[in-house]
Amino acid sequence: MNSRAADAPFPPAEARTIARAFLPPRFYGNRYDYYYTLTKLRTDPLYPGVLAALRGTTAPVLDLGCGLGLLLHALRLDGQSMPWHGVDIDADKIHRGRRIAERSGLADGARFEVVDLGQGWPPHRGSVAILDVLQYLDAQAQGALLDDAAAMLAPGARLVIRSGLGDATGRGRTTRITDRLAHLAGWMQEIPKRYPTRTELETRLTAAGLSVDFQPLYGNTPFNNWLIVAQRG
Ligand SMILES: C[S@@+](CC[C@H](N)C(=O)[O-])C[C@H]1O[C@@H](n2cnc3c(N)ncnc32)[C@H](O)[C@@H]1O
């Protein structure tokens, strides 16, 4: 399980294993979450990259903008059993995510909570995941969140960010347009506000005393997605 590449999507069998948790409890129920999850896991290298970044750590994970809690499912499939706390502004996703985790036997050590990151975030000590969420916050909230996330890191813990970076490349433009379309199509309630630049992230996290590593995490997607892993020392 742990030998998978960190920059490739899940292999089909593992993607199906995780996605099956998102099937409706009855055969005639809505399969949207199943197909969305399966497609994401099959095409996007996000979760293998995040799993590799957290592997070997045991600190609790605060997952900011957790959606349906897909990271929780990926962690458990990977044998990572640290406590997980997911927060998201979308109350419907949080309720669905909690029900799915309960049905899958993953409720122990997992907590789902409705939180608007534009207003604040819960106290935490451990690792922090911020996956495809920063763009929904304004510059001030992005900066405050990054400072607080850096302060939350326990020894050995990681701050794992996936974000499109603000730049003038074709990938940058595709990322911006797709996020807007996701909002217009109703997939995402929130409107993207701004994409942080690499320099901004590097400057802020380094000033907080963290070492920072940037890796492109495009996979076969056309997006300008990067995996940023920061830790103390
Ligand atoms: C692209 S999805 C990413 C979900 C998950 N992190 C993942 O990578 O699979 C962005 C998530 O951020 C959430 N979000 C957007 N703005 C937010 C805010 N102000 N506070 C909390 N969550 C927010 C959305 O509801 C959505 O679930």
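Residues numbered from 1 in each chain as written. Predicted model: local features only at pLDDT ≥ 70, side-chain atom pairs only at ≥ 80, totals over all residues. Heavy atoms only, no water.

**Student:** Lay out the sheet that holds strand β5 (residues 159-164) with the relevant residues and their values.
**Tutor:** Here we have seven strands laid out as an open sheet, ordered β3-β2-β1-β4-β5-β7-β6, and mixed in their pairing. In this open sheet, the two edge strands, each paired with only one partner strand, are β3 (110-114) and β6 (210-216). The sheet shows a mean angle of 15° between the axes of neighbouring strands, direction not considered. Of the pairings in the sheet, the one linking strand β2 (residues 84-88) to β3 comprises five bridges and is parallel in character. (Pairing = 2+ DSSP bridges. Helix = DSSP H or I, 4+ residues; strand = E, 2+ residues; numbered from the N terminus. Axes fitted to C-alpha atoms, helices over the stretch in contact; angles between N-to-C directions.)

**Student:** Give a description of the site of the ligand that names residues and reports values.
**Tutor:** In the region of the ligand, 21 residues are neighbours, and Tyr47, Gly65, Asp88, Leu117 and Leu131 sit closest. Within the contact set of the ligand, an oxygen atom lies 2.4 Å away from a side-chain nitrogen or oxygen of tyrosine 47. Between glycine 65 and the ligand, the recorded distance is 2.6 Å, taken from a backbone N or O atom to a nitrogen atom. Expressed as a share of its isolated accessible area of 590 Å², the protein-covered part of the ligand is 93%. Of the residues contributing to the shell around the ligand, the split by class is 11 nonpolar, three polar and seven charged. (Near = heavy atom within 4 Å. Polar contact = N/O pair within 3.5 Å; in protein donor to acceptor, adjacent residues only side chain to side chain. Areas by Shrake-Rupley, 256 points an atom, 1.4 Å probe, with all protein chains shown as cover. Nonpolar A, V, L, I, M, F, W, Y, C, P; charged D, E, K, R; others polar.)

**Student:** Please provide a residue-by-residue account of the layout of surface pockets, values included.
**Tutor:** Considering only enclosed or pocket space, the second largest pocket measures out at about 170 Å³ in volume. What lines the second largest pocket is Phe22, Leu23, Pro24, Pro25, Asn30, Tyr32, Asp33, Arg96, Arg99, Ile100 and Arg103. Here the element with the most residues in the lining of the second largest pocket is helix α5 (residues 91-103); it accounts for four residues. In terms of residue class, the lining of the second largest pocket is built from six nonpolar, one polar and four charged. (1 Å grid on protein atoms, 1.4 Å probe; cavity = no way out; pocket = protein on both sides within 12 Å on 5 of 7 lines; lining within 4 Å. Points joined across faces, edges and corners; volume = space filled by probe spheres on them.)

**Student:** Before we move on, can you summarise the environment of tyrosine 32 with the specific residues and values?
**Tutor:** When you line up the elements, tyrosine 32 lands in helix α2 (residues 32-43). Taking C-alpha positions, tyrosine 32 is 32 Å from threonine 169, a pair spaced 137 residues apart along the chain.

Geometric values such as these leave the question of function open.
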